[in-house]
Amino acid sequence: MKQEVIMAGFGGQGVMSMGMLLAYAGMMEGKEVSWMPSYGPEMRGGTANCTVIVSDKRIASPITPSPDTSIVMNLPSLDKFSSMIKPGGVLIINSSLIEKDTNRTDIEVIKVPCNEIANELGNSRVANMVALGAYLQKTGILPLESIVKAMKKVFAGKEHLIPLNETALQRGAAVVK
Amino acid sequence: MKQEVIMAGFGGQGVMSMGMLLAYAGMMEGKEVSWMPSYGPEMRGGTANCTVIVSDKRIASPITPSPDTSIVMNLPSLDKFSSMIKPGGVLIINSSLIEKDTNRTDIEVIKVPCNEIANELGNSRVANMVALGAYLQKTGILPLESIVKAMKKVFAGKEHLIPLNETALQRGAAVVK
Amino acid sequence: MIKVAGRPESLQSKQFHYCPGCTHGIIHRLVAEVMDELGIREESIGVAPVGCSVLAYEYFNCDMHEAAHGRAPAVATGIKRVHPDKVVFTYQGDGDLASIGTAEIVHAAGRSEKITTIFVNNAIYGMTGGQMAPTTLIGQKATTSPYGRSVEAQGYPLKVSEMLATLTGAAYIARVSVHDPQHIRKAKAAIKKAFEYQIAGKGFTLVEVLSTCPTNWGLTPIEALKWLEENMLPYYPLGEYKTPEEVK
Amino acid sequence: MIKVAGRPESLQSKQFHYCPGCTHGIIHRLVAEVMDELGIREESIGVAPVGCSVLAYEYFNCDMHEAAHGRAPAVATGIKRVHPDKVVFTYQGDGDLASIGTAEIVHAAGRSEKITTIFVNNAIYGMTGGQMAPTTLIGQKATTSPYGRSVEAQGYPLKVSEMLATLTGAAYIARVSVHDPQHIRKAKAAIKKAFEYQIAGKGFTLVEVLSTCPTNWGLTPIEALKWLEENMLPYYPLGEYKTPEEVK
Amino acid sequence: MPKVVFDEDRCKGCELCTTVCPKNIVVMSKKINAKGYHPATVDEMDKCIGCAFCANICPDTVIEVFKEEKK
Amino acid sequence: MPKVVFDEDRCKGCELCTTVCPKNIVVMSKKINAKGYHPATVDEMDKCIGCAFCANICPDTVIEVFKEEKK
Amino acid sequence: MGERILMKGNEAIGEAAIKAGCKYFFGYPITPQNELPEYMSRRLPKEDGVFLQAESEVAAINMVYGAAGSGARVMTSSSSPGISLKMEGISYIAGAELPCVIVNIVRGGPGLGGIQPAQSDYFQATKGGAHGDYRLVVLAPSSIQEAVDLVQEAFEIADFYRNPVMVLGDGMIGQMMEPVEFRAPQKRDLQPKDWATDGCKGRKPNVINSLWLQPEKLEEHNWKLFKKYEEIKKNEVKYETIQMEDAEFALVAYGTTSRICFSALETLRAEGYKVGLIRPITIWPFPEAAINQAADQVKGFLAVEMSTGQMVEDVRLSVEGKAPVHFYGRTGGMVPSPNEIVDQVKAVLGGGK
Amino acid sequence: MGERILMKGNEAIGEAAIKAGCKYFFGYPITPQNELPEYMSRRLPKEDGVFLQAESEVAAINMVYGAAGSGARVMTSSSSPGISLKMEGISYIAGAELPCVIVNIVRGGPGLGGIQPAQSDYFQATKGGAHGDYRLVVLAPSSIQEAVDLVQEAFEIADFYRNPVMVLGDGMIGQMMEPVEFRAPQKRDLQPKDWATDGCKGRKPNVINSLWLQPEKLEEHNWKLFKKYEEIKKNEVKYETIQMEDAEFALVAYGTTSRICFSALETLRAEGYKVGLIRPITIWPFPEAAINQAADQVKGFLAVEMSTGQMVEDVRLSVEGKAPVHFYGRTGGMVPSPNEIVDQVKAVLGGGK
Ligand SMILES: Cc1ncc(C[n+]2csc(CCOP(=O)(O)OP(=O)(O)O)c2C)c(N)n1
Ligand SMILES: Cc1ncc(C[n+]2csc(CCOP(=O)(O)OP(=O)(O)O)c2C)c(N)n1
Ligand code: SF4
Ligand code: SF4
Ligand code: SF4
Ligand code: SF4
Ligand code: SF4
Ligand code: SF4
Ligand SMILES: [Mg+2]
Ligand SMILES: [Mg+2]
């Protein structure tokens, strides 16, 4: 089993920490994992992305020219990453911010209104967790609970945020179910 | 024909310019020449030396482990350079400042009281020319006049010094005659 | 209708890559306006630093030369010595000028190099993600002074204008700020003077401009202007530290 | 009979390689005398520069560390941060400190690094054969200013003490001279103060010592002392430019 | 009457211009521009006195200010 | 009576010591030392007041000055 | 120790250094290694150590020189242009035979270049980018775990041989997160640092120095260094071979690129190509013997680098003409993809498996 | 021109530069090259040029960067440690593709080392002592006359390829006096410097730059540079062969060492040994083909250097295992004597002529 996913969005959308959580959870489940961020000139406001690989075997390259899945949180990311996904792969689109469609027909497209759901939950910053929930549900790569476990490690000192994030995960998962 | 000579003495004794004059004169006579100074840490008061090669053919190395001749103007130079001279070579000793003798028997030793002669001429700074005169006379590598011609080039602006230097050359040569 | 404000000709129409509210953009515009007003765009050669303004060569509408980090004054010296009749300026951040480039700026000033330096002091390394600069204030947190800058560990913030003003070769040294329209006007006046003195051959000229880095200060752009006013102004007093009259 | 003058214990018995009459030798002895008097020889680590005093590590009778040209303050910083309880000093020439090492000395001072710098200003590059230094006087000839230093071409001689005194982190900055016994006594007193302030943890301390280079000035040792007095003293006024009281 | 023109797609929504207008007429728009920011705009243009403070503080040269020619 | 001792072979003949002696008793010797210099020396030692000026200005630590212990 | 945690390469390197007893860090910010000094600035004050941001890379390496000379375990880090500025200082440290660890998280060059991963500082690291006959031990990790292990070992090697050690990563090693476990580093039998300048109480003064004015002495010193380097060559070569047993063609790659080659190798093997991989872990000393030996077995080599071709020279030197050595490189911050390498191998082999 | 005059290497290099139209010199004192900046400080003001002693080597190379970028013929010089400090700047100049001439009068290293002649900066000069994939053209004169000729050519090469050129001498080349004649330099067909930053009147602004934030662009730039370097390799290799026609054994040496090898060769020939000498004049590009060809003819090679062994790697790379390559080196400022080389050759040949 090996899952390569690229997560991309605006600087403030939390795509990096979404990837980190996935990697952390994967590690805690005993898998090999890697997380590789894009790092641009450190000027803010651009787009950010990271590649996460979760695998049963030693991971070769931490980056990939053709991920299994791409989660795109904004329009530039859709433009940039939809074409890379491997045939038969999955594209998760944050439909709250992206109206455009992909022209790819050889992949499965899942639209999740991440920001709307997050706003419903009262905090637009958990849009990333909504997307992650959808991703986990779709790929089945890890159970939701493992992410929650990882949160306890990663959110050390901010444990009060966990319930909200967990709900967001579940809402995202629900979109796919 | 090839003559390799090392000239050595205290910093102020003019060994460098003595070598330069020889090289210049050699060049003006159409020979191949090279002049190579020792350059120590630029702190004054130490000993200085240069190697001059005058040859009819392309000069290989501008330094030599075994010169034909050595002109030593002070004691440390005697100690350092007398052993290098090739068997059958010539050692010119400034006997004004060096009392010690060499223990080499396979070379010709010529003692020249350079400073005394220079003082007689009224200027201790021409002791070097006295030594050079002796050297030229001994080796016959170049005529004295070629050095005088070279002085005109090298002493540009200080031509008034030439007669004195010429006399010093001749006095040195006379010691050997 | 006449245009009383807008993009000066000496600024390319390209959009800045700077973060929202970063005052680098204001300072760029002021320099360009001065070039326009003095009519020197085609006579000017700018030297871009390494720092957030590394891409300055894409923005100024005149010949531009990149420099290695901190070495803009040396690069400018090379240019000015070849083209003494041209107007040469450097645009440098506080990491660039006050840290790695200390020797170069001191000696450009000491040599009385006829160049103009726009020194953008935002008390931080913007480009590389908010590390401590020599101008970071005591107590200020940065990614390499996570517990706040302390005198004991990191010493005192450098006051560059005060230091350079002691050098005879420095003709004009002024510190200005861009945190409100009034100060922006004064900043422009100082920049103009600096260029004028360069053109008049008075010697080395430098304008230190206090600037914000909302991103690495962790503040909104508006809060950042306020932070500058409340924290930087007291430690870095504005004013002219040296004027050419003092150079005999 | 008691010995009232002679070789201090903190000086090795080796002979200096310096030229006849070069005042580097006097300054070495003063530093050693101060180490003796403060009883810190075994607690001291000296940093030798690149310059005529490059072999200082052969002369001082304490632990000695070589530095790359100009970098003695950085090397000293490395040492002092590892051994904050030891006494660390640098001994640097004007080419070393005021030219290539400008950034290092400014930042050691700015950081308030608790070290002592003995800055030997002889207005020339002695070691390399008499090239112009940043401190070479206007009109002074050097092998790289063969027509005399000119303001137009090379700018103004740097006044290092004045410049460093503007830095808050500098605790003690003084300029002294060694051209006669009276001044030699004062020079020693300043050096002693500097070490004492270091030991007391006051901050960065520096004593600039005006010194001769008979060889490269082309003067006899006696003429050189006179030249120093007549030419350097007016441009480089002696005195204490900063004392720890000013550091709050 | 003075006029202020915003090059909306250049605006990064930093809001600095809103703090300096003596007439308090510069406000942030609800819409989102190409860059994803809420751009600044002027609601009551007739109140504008053409002081150009807004343009002066704008870091991104978004704003042009026009005035009647003085005769 | 004070005493001045010259480590003659260290002397580089710079003559600085000769210029500072208040009693003018430090002079250059005619002889040449191991280094090839005329070393400094004191002729009339009895005039010495032990001020140590000579030792202080000597760049090569050639000179030691001894004085009676003050009681 | 023992627990696996997820760490960014730069931070893991910092933690590894601290675990190895490094208490002093002098550095200057530069992308893509900033997280390393930043990590040290958070951690070292708590370990009774010192983090100091120097005014420049030149100052930083000279601070390292001073700290190493006075007996400390000390580290610095930078990225390509910053390492170039450290060249003079590195030569001094090597000349004075002082131990320290220098991390280079390489980015695209030349000049200001870019900030994406590259391997174009190979020559600088392994041949001596500074003046004089000196060598750094250069360790090139290909994973965060290996980075951590090698950094710890780097300090031991540095102290053992009194020689600076460079850890050569790239933007990917610096920025990536992977699980790591901090294992107890293997300690060597180290001599006390009785040469350090830490005050001469009860002994003769110590001197740290790289100057030898008499050429005879300097030459002697150089041959002494040379012998040390030969000793290191004998003892410290590290490399990994993957599926070389039956390989008929060998990939050679280090660091990040070796992982991608591994990916390519899996694909090629799956298609029946008998390809192996030799991965130098020390790039100086270079695993010459291993490659030379492999040259008797394989039909050819493909050196893969993120540069226009640097390590390939060492491969050629090792192979001594026994087999063709091909090269595939991406540069300027571009990372090759496994497919490109697969294609290259196929092209070279011309269809013959 | 035409007259033979006796000149010191350093000064002759200065005069050659002036004759080649170099009007700007930025440098910093260091032994054993001081006579070069000193000469320029006397001469350039009279040629309406500028001599400026920079505050450091780092500043000097960046002044060169600025002057070269704004269209001037410009030179700098230094010796080993100073050249190390210039590494970052050299990488920028190479990256920005600017022409300039850099003289390194090599002395013993590493660190402060010594000041006597050495060749231990070969790697730094030829492999790239700084970061990134770049190359300098490196010219290694063996006499003052050749130094003069090569310096003049260096400016032409630099302008022709828009690439920095290094002239690699050593203390002996710098300090020695030999007769020289200033011949009219061979001019190349040079493009106008319409890329220079000299004020944008009547044209679009020019930009001098080495930054390419997109790795795709930076890679493109790197391959462009690579192609230029391949072009230079094709066109600019220079070497001399002496008595190679019937040689059964070849000495390989450059610069000062080659003269001493020539001396040794004469002795060996006199004794009946069929020895030849290959003397690289450009050490980058290295005369690979010539040496490779020679490898088909000779029984072996002896590379002689004033280092512990650097150029020998390029000889080995050229020979490709076809013949044994031996090495003889002196270092730290020691200059080998002809006899030592004679003995080495005899030892290698084991008595067989
Ligand atoms: C030699 C070198 N060292 C370090 C860097 C990394 N670097 C790039 S910009 C910068 C500092 C920028 O800070 P500043 O000059 O204050 O400019 P700002 O971004 O704040 O405007 C640093 C350290 C570099 N590019 N080159
Ligand atoms: C990096 C480097 N640049 C240059 C030199 C050559 N160098 C040695 S000493 C020196 C200057 C010495 O002058 P100063 O510091 O004034 O000391 P002084 O000899 O006058 O006492 C120079 C330039 C060097 N060794 N290293
Ligand atoms: S990081 Fe700071 S200085 Fe740089 S562009 Fe952003 S706000 Fe401006
Ligand atoms: S060259 Fe000058 S500074 Fe150096 S030892 Fe001689 S007199 Fe002193
Ligand atoms: S010009 Fe002045 S009044 Fe008009 S909108 Fe701008 S700030 Fe307000
Ligand atoms: S100041 Fe400029 S960028 Fe900022 S909100 Fe106003 S118009 Fe937009
Ligand atoms: S101690 Fe004083 S009086 Fe005696 S010789 Fe020396 S200078 Fe003269
Ligand atoms: S001062 Fe010292 S070195 Fe000079 S002459 Fe007197 S004793 Fe000799
Ligand atoms: Mg800044
Ligand atoms: Mg000096």
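Along each chain, numbering runs from 1 in the same order as the chain's sequence is written. Labels are handed out in written order, letters beginning with A for the chains and numbers beginning with 1 for the ligands. For this predicted model, a pLDDT threshold of at least 70 governs which residues receive local features, and a threshold of 80 or more governs which side-chain atom pairs are given and counted, while totals over whole chains, interfaces and linings are taken from all residues. Heavy atoms throughout the structure, all of them, feed into the side-chain values; hydrogens and water do not.

1. Re the pattern of salt bridges
This is how the line gets drawn: Any carboxyl oxygen of Asp or Glu within 4 Å of a side-chain nitrogen of Lys or Arg constitutes a salt bridge here. The buried label applies to any residue whose accessible area, calculated with a 1.4 Å probe on protein chains only, is under 20% of its type's maximum; exposed applies above 50%, and partly exposed to all values in between. Labels follow the DSSP assignment, with helices taken as runs of H or I lasting at least four residues and strands as runs of E lasting at least two, numbered in each case from the N terminus.
One pass over the structure, following the stated rule, counts 126 salt bridges over all chains. Across the salt bridge formed by Glu113 of chain D and Arg111 of chain D, the nearest N and O atoms sit 2.6 Å from each other. Here Glu113 of chain D matches Arg111 of chain D in class, with each residue buried. Among the ionic pairs, Glu146 of chain G bridges to Arg279 of chain G, the shortest N-O distance being 2.7 Å. A residue pair is termed long-range when its members are at least 10 positions apart, and Glu146 of chain G in helix α7 (residues 144–161) and Arg279 of chain G in strand β12 (residues 275–280) qualify at 133 residues. Taking relative accessible area as the criterion, Glu146 of chain G reaches 13% and is therefore assigned buried.

2. Section: the coordination of the magnesium ion (ligand 9)
Residue and element names in this part refer to chain C. The criterion, for reference: Water is not part of the atom set, so a site may look incomplete; the donors themselves are N, O and S atoms within 2.8 Å of the metal, or 3.2 Å for Na, K and Ca.
Distances from the magnesium ion (ligand 9) to its protein donors, Asp94 (OD), Asn122 (OD1) and Ile124 (O), fall within 1.9 to 2.2 Å. When the donors of the magnesium ion (ligand 9) are listed by position in the chain, the intervening gaps give D-x27-N-x1-I. Here Asp94, found in helix α4 (residues 94–100), pairs with Ile124, found in the loop between β5 (116–121) and α6 (151–154); they are 30 residues apart in sequence, far enough to count as distant. For Asp94, a relative accessible area of 2% corresponds to the buried category.

3. Quick notes on the coordination of the magnesium ion (ligand 10)
Any two of four tetrahedral donors ideally make an angle of 109.5 degrees at the metal, while pairs among six octahedral donors ideally make 90 or 180 degrees. Looking at the metal site, the magnesium ion (ligand 10) is ligated by Asp94 of chain D (OD), Asn122 of chain D (OD1) and Ile124 of chain D (O), spaced 1.9 to 2.2 Å from it. Spacing between the donor residues of the magnesium ion (ligand 10) along their common chain follows D-x27-N-x1-I.

4. A look at helix α3 (residues 57–69) of chain G
Residues and elements named next belong to chain G. The cut-off we apply is this: The span you would expect from a helix comes to 1.5 Å times its residue count less one. By the criterion applied in these results, polar contacts are pairs of N or O atoms within 3.5 Å in which, for protein atoms, one can donate a hydrogen and the other can accept it, and in which residues neighboring in sequence qualify only through two side-chain atoms.
Helix length check: α3 (13 residues) gives 18 Å between terminal C-alpha atoms against 18 Å at 1.5 Å per residue, within 8%. Buried residues dominate α3, accounting for 13 of its 13 residues. Where α3 begins, the capping side chain belongs to Ser56, and its oxygen is found 3.3 Å from the backbone nitrogen of Val58. Looking one or two places after α3, you find Gly71, whose phi comes out positive at around 105°.

5. Considerations on the site of ligand 1
Quick note on the threshold: Put simply, a residue is near a molecule or strand once any heavy atom of it comes within 4 Å of that molecule or strand. With residues, only the protein chains shown are counted as cover, and all accessible areas are computed by Shrake-Rupley using a 1.4 Å probe. In this classification, the charged set is Asp, Glu, Lys and Arg, the nonpolar set is Ala, Val, Leu, Ile, Met, Phe, Trp, Tyr, Cys and Pro, and all remaining amino acids, among them Gly, are polar.
The full set close to ligand 1 counts 22 residues, and His24, Cys52, Asp94 and Asp96 of chain C together with Glu57 of chain G are the nearest of them. Taken together, the residues near ligand 1 originate from chains C, G and H. Within the side chain of Asn122 of chain C, a nitrogen or oxygen atom sits 3.0 Å from an oxygen atom of ligand 1. The protein chains hide 99% of the 590 Å² of surface that ligand 1 would expose on its own. Of all the elements, α4 of chain C adds the most residues to the shell around ligand 1, at three residues. When its residues are assigned to classes, the shell around ligand 1 shows 10 nonpolar, eight polar and four charged.

6. Describing the sheet that holds strand β6 (residues 170–177) of chain D
Adjacent strands of a sheet form backbone hydrogen bonds with each other and so pair up, either parallel or antiparallel. Inclusion rule: When DSSP finds at least two bridges between two strands, those strands are taken to pair. Working rule for contacts: check all heavy atoms of both residues, and any pair within 4.5 Å makes them a contact. Helix axes use the C-alpha atoms of the stretch in contact, all axes being lines fitted to C-alpha atoms, and the angles between their N-to-C directions lie in the range 0 to 180 degrees.
The strand order across the open sheet formed by eight strands is β8(D)-β6(D)-β7(D)-β5(D)-β4(D)-β2(D)-β3(D)-β9(G), and the pairing between neighbours is mixed. Of all the strands in the sheet, just β8 (239–242) of chain D together with β9 (207–208) of chain G have a single pairing partner and so form its edges. Where strand β2 (residues 44–48) of chain D lies against strand β3 (residues 63–66) of chain D, four bridges are found, and the strand directions are parallel. If you follow Ala48 of chain D over to β3 of chain D, its bridge partner there is Glu66 of chain D. Here helix α10 (residues 221–235) of chain D sits on the sheet and contacts β5 (116–121), β6 and β7 (204–210) of chain D; the angle it forms with β7 of chain D, its principal contact strand, is near 135°.

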